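# Descriptive structure summary
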Amino acid sequence: MRRVRYAHSGGPEVLFLEDAPVPDPGPGELLVRVEAIGVTLPVVRKVRESRDPIPLGGEVAGEVVALGEGVTGHAPGDRVTGLVFGHGYADYALLHTSMATPVPEGASAVDAVALVRSGLVAYGALEAARPAPGESALVTAAASGVGHLALQLAGLRGASRVVAAVSDPGKADFVRGLGADEVITYDQDGWGEPVDYVLDAVGGDLLGPACKSLAPHGRLVAYSSGGGTVAAYDLLVGARSVIGFQLGLIARGRPELYEKWRRELWDLHADGRLRTAVHAEFALEEAVRAHEVIETRSNRGKVVLVP
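Here's a quick rundown of the structure. This is a predicted model, so every value here is computed, not measured. (Residues numbered from 1 in each chain as written. Predicted model: local features only at pLDDT ≥ 70, side-chain atom pairs only at ≥ 80, totals over all residues. Heavy atoms only, no water.)

## A look at the overall build of the protein
Along the protein, the regular secondary structure elements total nine helices and 15 strands. Here the C-alpha radius of gyration of the protein, 19 Å, is about what a compact globule of 307 residues would show, namely 19 Å. By its C-alpha atoms, the protein is 55 × 40 × 35 Å across when sized along the principal axes. Burial analysis of the protein (307 residues in total) assigns 53% to the buried set. Here the contacts in the protein between residues at least 6 apart in sequence split such that 64% fall between residues at least 24 apart. For the protein, the exposed surface amounts to about 13000 Å²; the carbon and sulfur share of it is 51%. (Helix = DSSP H or I, 4+ residues; strand = E, 2+ residues; numbered from the N terminus. Rg over C-alpha atoms; globule rule 2.2 N^0.38 Å. Buried < 20%, exposed > 50% of the residue type's maximum accessible area, 1.4 Å probe, protein only. Contact = heavy atoms within 4.5 Å. Areas by Shrake-Rupley, 256 points an atom, 1.4 Å probe, with all protein chains shown as cover.)

Here it is as structure tokens:
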């Protein structure tokens, strides 16, 4: 099979395609013939920042072709999606059953990687913010694979005003088309009227201004791999809160909640209330181009590899 990996850290140019044996599924694992792979900012960052090469994991969707020992509830021919921690940029990948969820009939593999993992992160971050109907929201990286779903979900949960924060004013029409009431860019002075909660996918230097955009008693949910620090005084003076969210903890510790959110996402998508946007589909051998799109923050929606 074909597989994308890298030998040393760096930009997208360090990725290369190689031949590798098809892996055998271990206990609790599914061997999946991969049909679509979601390219995410955390994986792109790991290629640039990790000291030693790591497998390119992430979101995959495809057809089950073999079962590991002890697997029940799945069969060859099933279509599934989920998060792969080993090599996912490949023609075949190993997906643990705890991370696997079914793809409904009629939905494509590209639909699945655009909706499920990104949607679960967006849904969970929104839940962590404890939104009340009529509150206002701000979503950073609002044109990203997660962000474009988060801004829609905030509106569906009754937000009176949804502010989309983006890196490029050229993305304004895209996010407005998905329901954003206002659009701001990171570099502008002040981010407009304060909001009740922020869903932050960027972190780093933007964490400070994101916190300052909160109204008194506002909540910021940080689900980014970008890090960043906040001055305690900035929280104290407005009785503001910063909440961390990590989907893996939900998947491992509360699988019933994970599954409930997944079903609700598919229901919202099926009846047209939640729309997925795919910026581009690239062939597996074009992984360099896919990573370049993410690194330059030029995407509007999800970037997908299609083996």
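Once the structure has been displayed, the description carries forward.
## Describing the side chain of R219
Along the chain, R219 falls in strand β12 (residues 214–222). Residue R219 is classed as buried on the basis of its relative accessible area, which comes to 7%. Discounting chain neighbours no more than four positions away, the residues touching R219 are A129, R130, P131, E135, D196, Y197, V198, L214, S241 and I243.

## Looking at the packing of aromatic side chains
Tallying each qualifying case throughout the model produces two aromatic pairs. Both rings, one in Y123 and one in W261, keep their centres 5.5 Å apart while their planes meet at 25°; by these two values the pair is stacked. Of this pair, Y123 sits in helix α2 (residues 109–129) while W261 is found in helix α8 (residues 255–270), placing the two residues 138 residues apart along the sequence. W261 matches Y123 in its accessibility class, with the two residues each being buried. Centroid distance Y186 to W191: 6.2 Å. Interplanar angle 40°. Geometry classified as tilted. For the pair Y186 and W191, a shared accessibility class is recorded, and that class is buried. (Phe/Tyr/Trp six-rings, centres within 6.5 Å; stacked < 30°, edge-to-face > 60°.)

## Some words on the sheet that holds strand β10 (residues 182–185)
Within the open sheet, the six strands sit side by side as β10-β9-β8-β11-β12-β13. Their pairing is parallel. With one partner strand each, in any of the chains shown, β10 and β13 (241–244) form the two edges of the open sheet. Along the sheet, successive strands turn relative to each other by an average axial angle of 20°, direction set aside. The pairing of strand β9 (residues 161–166) with β10 spans four bridges and is parallel. Counterpart to A164 in the pairing with β10 is V183. Across the sheet, α2 touches β11 (195–200), β12 and β13, and the angle it forms with β11 is around 145°. (Pairing = 2+ DSSP bridges. Axes fitted to C-alpha atoms, helices over the stretch in contact; angles between N-to-C directions.)

## Observations concerning the pairing of strand β6 (residues 92–96)
Only one face of β6 is covered, namely the face carrying A93 and L95; the face carrying Y92, L94 and H96 is uncovered. When strand β3 (residues 29–39) meets β6, the two strands line up antiparallel, connected through five bridges. Each bridged residue has a counterpart across the sheet, and for L30 the counterpart in β6 is L95.

## Observations regarding α8
When the terminal C-alpha atoms of α8 are compared, their 22 Å separation across 16 residues agrees well with the 22 Å that a helix rising 1.5 Å per residue should span. For α8, the set of buried residues is L257, Y258, W261, R262, L265, W266 and L268. On its buried face, α8 is in contact with β7 (100–102), α2, α3 (147–156) and α7 (247–253). (Expected span 1.5 Å × (residues − 1).)

## Some points on unusual backbone geometry
Backbone geometry places A141, a non-glycine residue, at a positive phi of 50°. Its location among the elements puts A141 in the loop between β8 (136–139) and α3. In this model, A239 sits at a positive phi of 50°, which is unusual for a non-glycine residue. Following the sequence through the fold, A239 ends up in the loop between α6 (232–236) and β13. With relative accessibility at 39%, the residue A239 sits in the partly exposed group.

## A closer look at the packing of α2 against α8
Where α2 contacts α8, the axes come no closer than 9 Å and their chain directions differ by 120°. Taken together, the axes of α2 and α8 lie oblique to each other. The chirality of how α2 crosses α8 is right-handed. Side by side, α2 and α8 meet where D111, A112, L115, V116, R117, G119, L120, Y123, G124 and E127 of the first sit next to Y258, W261, R262, E264, L265, W266 and H269 of the second. (Parallel < 35°, antiparallel > 145°, perpendicular 65-115°, else oblique. Left-handed = near helix turned anticlockwise from the far one by under 90°.)

## A few points about the side chain of D200
Mapped onto the elements of the fold, D200 is located in strand β11. Buried within the structure, D200 lacks any salt-bridge partner; its nearest side chain of opposite charge belongs to R45, at an N-O separation of 8.6 Å. A polar contact is formed between the side chain of D200 and the backbone nitrogen of G203, at a distance of 3.0 Å. Leaving out residues up to four positions away in the same chain, D200 has contacts with T140, L207, L220, V221, A222, Y223 and S224. (Lys, Arg positive; Asp, Glu negative; His and termini not counted. Salt bridge = Lys/Arg side-chain N within 4 Å of Asp/Glu carboxyl O. Polar contact = N/O pair within 3.5 Å; in protein donor to acceptor, adjacent residues only side chain to side chain.)

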